[in-house]
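Commentary on secondary and tertiary structure
Okay, here's what each chain looks like letter by letter:
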Amino acid sequence: GMMLEAVDSIMHAHRLEVEAKRIQDEDSLAYYDLMSSAGIHGRYGFLTACFAAEAGANALLESLPQIGKSLAEDLEKLKTINKFEVFALVLGKPLDRGNDLYKRMLQTIRLRNDFVHPKETKVEFASARETAGPQIIERPRGSRSYPTSLDFFEPKHGIDLIRDILAFVAWAVFDTCGLSLEEGS
């Protein structure tokens, strides 16, 4: 349910952004309102997808008969990606850390941590002379670039990140561990 809410929110953010671009007047209040709402829904979708992935990892650990309640509570303190690894290891099917899906999930978690546990951040803008207008300079994260601050997070970022989360979960749970759709759900 939480992941569905994340996907719905990011889809809504995308629709708002498309509607804003139809206005074509970046100085109008309607444009600003639509883009602001798109940003809010985009950030919400991304963070909710991260929470859903962690809740799913916790549920997988709790589903293992070999792991008692006390140990499951201790394992909840692990990083989200490590929870999926423990689950796979208990099933005798370790995750391939060299896999692109694993690497993208790791990047996603790092980005989420940067946003949720912020440190001092300097935001750089490209000058209007260098671009069609002022733009935020993004930092590379693996094969993609993301803004240095959650304030500048756009729906396009959330779409890529939620796609990476869903691809990782499907790969870990269904492809690697071999769970059926019913078991994995």
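Just so you know, these numbers come straight off a predicted model, no measurement behind them. (Residues numbered from 1 in each chain as written. Predicted model: local features only at pLDDT ≥ 70, side-chain atom pairs only at ≥ 80, totals over all residues. Heavy atoms only, no water.)

1. Comments concerning the overall build of the protein chain
Broken down by element type, the protein chain carries 7 helices and 4 strands. Written out in order from the N terminus, the α and β elements of the protein chain read α-α-α-α-α-β-β-β-β-α-α. Long-range pairs, those at least 24 residues apart, make up 64% of the contacts in the protein chain with a sequence separation of at least 6. Accessible surface, the protein chain as shown: approximately 10900 Å² in total, 53% of it carbon and sulfur. (Helix = DSSP H or I, 4+ residues; strand = E, 2+ residues; numbered from the N terminus. Contact = heavy atoms within 4.5 Å. Areas by Shrake-Rupley, 256 points an atom, 1.4 Å probe, with all protein chains shown as cover.)

2. Section: the pattern of salt bridges
This structure, assessed with the given rule, holds 7 salt bridges. A salt bridge links E19 to R22; its shortest N-O distance comes to 3.0 Å. One end of the pair, E19, and the other, R22, are both in helix α1 (residues 2-23), 3 residues apart, so they sit about a helical turn from each other. A relative accessible area of 58% places R22 in the exposed class. E85 is paired through a salt bridge with R97; the nearest N and O atoms lie 2.8 Å apart. Note that E85 is positioned in helix α4 (residues 80-90) and R97 in the loop between α4 and α5 (100-116), a separation of 12 residues in sequence. (Salt bridge = Lys/Arg side-chain N within 4 Å of Asp/Glu carboxyl O. Buried < 20%, exposed > 50% of the residue type's maximum accessible area, 1.4 Å probe, protein only.)

3. A closer look at the side chain of N58
Within the fold, N58 resides in helix α2 (residues 29-63). Judged by relative accessible area, N58 falls into the buried class, the value being 15%. For N58, the contacting residues outside a window of four places in its chain are E76 and K83.

4. Some details on the layout of surface pockets
Over the atoms rolls a probe the size of a water molecule, and its path tells where empty space is left. Approximately 440 Å³ is the volume found for the second largest pocket. As for the second largest pocket, its lining consists of 20 residues, of which A52, G56, V169, G184 and S185 are closest to the centre. At the level of elements, α1, α2, α6 (155-176) and α7 (181-184) are the ones that each hand at least two residues to the lining of the second largest pocket. Looking at the lining of the second largest pocket, the element that brings in the most residues is α2, giving 8 residues. (1 Å grid on protein atoms, 1.4 Å probe; cavity = no way out; pocket = protein on both sides within 12 Å on 5 of 7 lines; lining within 4 Å. Points joined across faces, edges and corners; volume = space filled by probe spheres on them.)

5. A closer look at the packing of α1 against α6
At a minimum axis distance of 9 Å, the contact between α1 and α6 shows a crossing angle of 155°. As summarised for this structure, α1 and α6 are arranged roughly antiparallel, according to the angle between their axes. Classified by chirality, the crossing of α6 by α1 is left-handed. Only P155, G158, I159, I162, I165 and L166 of α6 make contact with α1, whose side of the interface consists of M3, A6, V7, I10, A13, H14 and E17. (Axes fitted to C-alpha atoms, helices over the stretch in contact; angles between N-to-C directions. Parallel < 35°, antiparallel > 145°, perpendicular 65-115°, else oblique. Left-handed = near helix turned anticlockwise from the far one by under 90°.)

6. Examining the nonpolar core
Within the largest apolar cluster, 37 residues are counted, with the highest numbers of intra-cluster contacts made by F46, F84, F87, L95, M105, I165 and F168. By residue number, the principal contributor to this core is α2, which donates 9 residues. Residues within four places of F84 in sequence aside, it is in contact with A53, A57, L60, L95, F168, V169, A172 and V173. Of all hydrophobic cores here, the second largest spans 5 residues; its members include L16, A20, L34 and A38. (Core = buried A, V, L, I, M, F, W, Y, C linked by side-chain atoms within 4.5 Å.)

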